[in-house]
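A closer look at the structure
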Amino acid sequence: MNRRDFLLAAFGTAISTAAVPTWAFASPASALGFHLTDVTNAAGLQFLHNSGAYGGKLLPETLGSGCAFLDYDGDGWQDILLLNGMDWPGHKRQRCTLRLYRNNRNGTFTDVTRIAGLDIELYGMGVAVGDYNNDGFPDIFITCVGQSRLFRNTGKGTFVDATHSSGLFGRQGFSTSALWFDYDRDGLLDLFVCNYVRWSPEHDVFCSLDGSHKS
């Protein structure tokens, strides 16, 4: 029996012998006391994620991108930041950027990406929001495939790229998530960045059922 047949057989056995979860017999949603409604379009959130997929089945395409709720303009209402990927070099089809949506305080949002200075292409993975310079406004660190980026909030509704000035420029990697925290308790936020694997398009890491071809 080869590896593929073994895995398929094991999966089938697990499915056939698994106990039915108790939630399968739970009460209808109406009995829960709340109901969720998809208001994406009504709220003005017109966003489409681009993984850059062109048929090469590259590892970063499988991971998606992060998002964050943050009150970037300090008006007391949560705004939305959605990260995006981009087309791979040599396979350019469209220009894609992350999107920042400002809360209109009436259940709708306005795309202010360009006005806020965030109309930038990058292959985003995760985002960490924190006020690293203690000026009262949330700043944004975005983990990326390639160079991760730090955007400082000016407090005037815009962001500036502080990657160079902060000393974070110069490392190309596959960073997936990050965390702001004051590890030395000096009153200033420090940054912890998680990295995945050593990766490049030329040396892709992939899963395979036969040991040769990408699954």
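I will try to describe carefully the structure that is included in this document. (Residues numbered from 1 in each chain as written. Predicted model: local features only at pLDDT ≥ 70, side-chain atom pairs only at ≥ 80, totals over all residues. Heavy atoms only, no water.)

1. So, the packing of aromatic side chains
Across all of its chains, the model carries seven aromatic pairs by this definition. On the numbers, 4.7 Å between centres and 25° between planes, the contact of Trp88 with Tyr123 is stacked. Of this pair, Trp88 sits in the loop between β2 (79-82) and β3 (99-103) while Tyr123 is found in the loop between β4 (109-111) and β5 (124-130), placing the two residues 35 residues apart along the sequence. No difference in accessibility class separates Trp88 from Tyr123, as the two residues are buried. Seen in terms of ring centroids, Tyr132 and Trp180 are 5.8 Å apart; in terms of plane orientation they differ by 10°. Their pairing is stacked. With Tyr132 in the loop between β5 and β6 (139-147) and Trp180 in strand β9 (residues 172-181), the pair connects residues that are 48 residues apart, well separated along the chain. Note on Trp180: relative accessible area 12%, which makes it buried. Through a chain of ring-to-ring contacts, the aromatic side chains of Trp88, Tyr123, Phe174, Tyr196 and Trp199 assemble into a single cluster. (Phe/Tyr/Trp six-rings, centres within 6.5 Å; stacked < 30°, edge-to-face > 60°. Helix = DSSP H or I, 4+ residues; strand = E, 2+ residues; numbered from the N terminus. Buried < 20%, exposed > 50% of the residue type's maximum accessible area, 1.4 Å probe, protein only.)

2. A few points about the environment of Ser165
Residue position: Ser165 is located in the loop between β8 (159-161) and β9. As for Ser165 and Leu150, which are separated by 15 residues in sequence, their C-alpha atoms are 9.6 Å apart. Within polar-contact distance, the side chain of Ser165 engages the backbone oxygen of Ala162 at 3.4 Å. (Polar contact = N/O pair within 3.5 Å; in protein donor to acceptor, adjacent residues only side chain to side chain.)

3. Let's talk about the sheet that holds β3
Taken in spatial order, the four strands make up an open sheet running β1-β2-β3-β4, and their pairing is antiparallel. Here the strands that pair on one side only, and so sit at the sheet edges, are β1 (67-70) and β4. Strand-to-strand twist in this sheet, taken as the mean axis angle between neighbours without regard to direction, amounts to 20°. Note that β3 and β4 share three bridges and pair antiparallel. Following the sheet pairing, Tyr101 is matched in β4 by Asp111. (Pairing = 2+ DSSP bridges. Axes fitted to C-alpha atoms, helices over the stretch in contact; angles between N-to-C directions.)

4. Focus on the pairing of β1
As a general feature of sheets, a regular strand has side chains that alternate between the two faces. Residues Ala68 and Leu70 line the buried face of β1, whereas the alternating positions Cys67 and Phe69 sit on a face that is not buried. Note: β1 against β2, four bridges, orientation antiparallel. Bridging from a neighbouring strand, Cys67 pairs with Leu82 of β2.

5. Here we look at the nonpolar core
Membership of the largest hydrophobic core comes to 17 residues, with the highest contact counts inside it found for Leu81, Leu100, Leu118, Ile140, Ile142 and Phe159. Broken down by secondary-structure element, the contributors of at least two residues to this core are β1 and β6. The greatest single-element share of this core, amounting to three residues, is contributed by β6. Ignoring anything within four residues of it in the chain, the contact list for Ile140 reads Leu70, Leu81, Leu118, Val127, Ala128, Arg149, Leu150, Phe151 and Phe159. With eight residues, the next largest nonpolar core counts Trp88, Tyr123, Met125 and Trp199 among its residues. (Core = buried A, V, L, I, M, F, W, Y, C linked by side-chain atoms within 4.5 Å. Contact = heavy atoms within 4.5 Å.)

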